[in-house]
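# Examining the three-dimensional arrangement
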Amino acid sequence: MRVYGPIHLENSWHLRHSILTYFLKGFMKPRIWILLSLFLLFLIFINFFSLWNLHHFYALSIGGLIFLLFINNALLIFLNPYFQKKPSTALTRVIRAFLNPLWVHWTFFSFFYSLTLLIFSIFFKCVPWFHAEDLKWVSSFFISGWVVLLGWGIYTALVPLHLSRFNIVLPRLPASFNGFKIAIGSDFHIGLFSRTQRLTQIFETMAAYQPDLVVLLGDLTDDDAFYIPKLLKGIEVLDPHLPILGILGNHDIYGDPHSAIQQLAHSRVHLLINEGFEFKKNAESIWIAGISDYAATYFEKLRPHLVPDFNRTLAHKPPSSPTILLAHQPKAFHESIKRHIELTLCGHTHGGQLGFPFLNWTIVKPFITWDRGLFQNQGSQLLVTSGVGYWGAPFRLGLQPELVFLNLQFPLESHAHV
Ligand SMILES: [Fe+2]
């Protein structure tokens, strides 16, 4: 099975200049630069608004506030990998692993804390029997609730593992593939704190399903290809004859994608980068394809060969074979609909790591139509998994880490979500 295209592998360190270099050399689009600047202004506002209120309600000293401000944003100021000009070292990896969750938790806290206080201060101004001093009770109630939810969210991100099973009917599925089973894992975000036992548990759970194929839908590591060996250690529990396909996610592109590509080229994970292949069974076949990630478009001049390319991905597809497309980001589904791709498998959203499946709601639903679950549009189907890992900080509320098991079926079979 040949799955590698002529990807030009080069020493890619020079691609990892700082974000400032990207801009100054014209590699970053002005739109992205403007969005980053607005985001920075927003961060400054919520930081100072939250700290000023904490000082006001709980008499925090100015020195303490400056200390909090520094510690909570140290990652952003000094240790963000996008600002580094030199390769990560063991020390910077350890420091980042500690500061990254701190920054993410603080940023989310300061955003929701600021929002809550602003809403209640407006409310208290409109309702005469409340006073401005009552905001302290709102603040204390919010902080207490946040601490409880934090504990629950950290537990949910690290311990449970939810199994979602879908029977997928593909109208043009060859008879030989009726009952073909695919195990899907996405968004591993492997980093310093990713536990080997957890990865083993994930892949043992996949193995127990006895799949015909395992797919890894990107964000294999958390911006750092250094941790690819942890992934490879985890998959050792899978049957050596079981095919494993992978694609790159945006966090693989942000890090050192060429290092990830090179390491995986020497492993049993077959990475699909804008290419597909004919998966044969008896005399029949399905076309399994994988596109690169859209994050490469931000750095198009630096990484042109990693920009998603549907034409190349589908170039050699036999007309009679249905296509299963692996794409990290669900926005690929727009193109899948246009090209009548039967089934698209995606990750990326994490469901925002906050949602309630029984309400079919996630926090990213207002921004991403295809946030999690199974969708259909004009004969094309899309499955979005909320992934097994977490971004930024160990926190998931209402959405447990998820493995997805698919069972492909003939049209005559019932179409049911178990
Ligand atoms: Fe992700």
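This one's a predicted model, so the numbers in the text were calculated from it and none came from an experiment.

## Quick look at the overall build of the chain
Along its length, the chain carries eleven helices and 14 strands. By residue count, 38% of the 418 residues in the chain fall in the buried class. Of all intrachain contacts in the chain linking residues separated by at least 6 positions in sequence, the fraction that spans at least 24 positions is 75%.

## Brief notes about the sheet that holds strand E7 (residues 284-290)
Here we have six strands laid out as an open sheet, ordered E6-E7-E8-E9-E13-E12, and mixed in their pairing. At either margin of the open sheet sits one strand with a lone partner, and together these are strand E6 (275-281) and strand E12 (373-377). If you compare each strand with its neighbour and ignore which way they point, the axes differ by 20 degrees on average. In the sheet, strand E8 (residues 323-326) pairs with strand E9 (residues 343-346) via three bridges, with the strands oriented parallel. Counted as the bridge partner of Ile324 is Leu343 from E9.

## Section: unusual backbone geometry
Of note in the backbone geometry, Asn282 takes a positive phi value of approximately 55 degrees without being a glycine. Among the structural elements, Asn282 can be located in the loop between E6 and E7. Located in the positive-phi region is Gln378, a residue other than glycine, with phi close to 50 degrees. By the element assignment, Gln378 lies in the loop between E12 and strand E13 (380-384).

## Focus: the environment of Leu231
Among the structural elements, Leu231 can be located in helix H7 (residues 228-234). Between the alpha carbons of Leu231 and Leu199 there is a distance of 7.3 Å; along the sequence they are 32 residues apart. Leaving out residues up to four positions away in the same chain, Leu231 has contacts with Phe188, Ile190, Leu199 and Leu220.

## Quick notes on the sheet that holds strand E4 (residues 244-246)
With mixed pairing, six strands are arranged side by side in an open sheet as E1-E14-E2-E3-E4-E5. At either margin of the open sheet sits one strand with a lone partner, and together these are strand E1 (162-169) and strand E5 (269-271). Direction aside, neighbouring strands of the sheet carry axes that sit 25 degrees apart on average. Bridge count for strand E2 (residues 181-185) against strand E3 (residues 213-216) is four bridges, and the pairing is parallel. Counted as the bridge partner of Ala183 is Val214 from E3.

## Focus: the packing of helix H4 (residues 90-126) against helix H5 (residues 135-158)
Between H4 and H5, whose axes approach to 10 Å, the crossing angle comes to 150 degrees. Relative to H5, the element H4 lies roughly antiparallel. As H4 packs across H5, the resulting crossing turns out to be right-handed. Contact residues: H4 offers Phe109, Tyr113, Thr116, Leu117, Phe120, Ser121 and Phe124, while H5 offers Leu135, Val138, Ser139, Phe142 and Trp146.

## Some points on the confidence of the model for the chain
Considering every residue of the chain, the mean pLDDT works out to 88; 88% of them sit at 70 or more. Below pLDDT 50 for its whole length, residues 413-418 participates in nine contacts with residues either more than four positions away or in separate chains.

Procedures and definitions
- Residues numbered from 1 in each chain as written.
- Predicted model: local features only at pLDDT ≥ 70, side-chain atom pairs only at ≥ 80, totals over all residues.
- Helix = DSSP H or I, 4+ residues; strand = E, 2+ residues; numbered from the N terminus.
- Buried ≥ 20, exposed ≤ 12 C-beta atoms within 10 Å, placed from the backbone.
- Contact = placed C-beta atoms within 7 Å.
- Pairing = 2+ DSSP bridges.
- Axes fitted to C-alpha atoms, helices over the stretch in contact; angles between N-to-C directions.
- Parallel < 35°, antiparallel > 145°, perpendicular 65-115°, else oblique.
- Left-handed = near helix turned anticlockwise from the far one by under 90°.
- pLDDT = per-residue confidence, 0-100.

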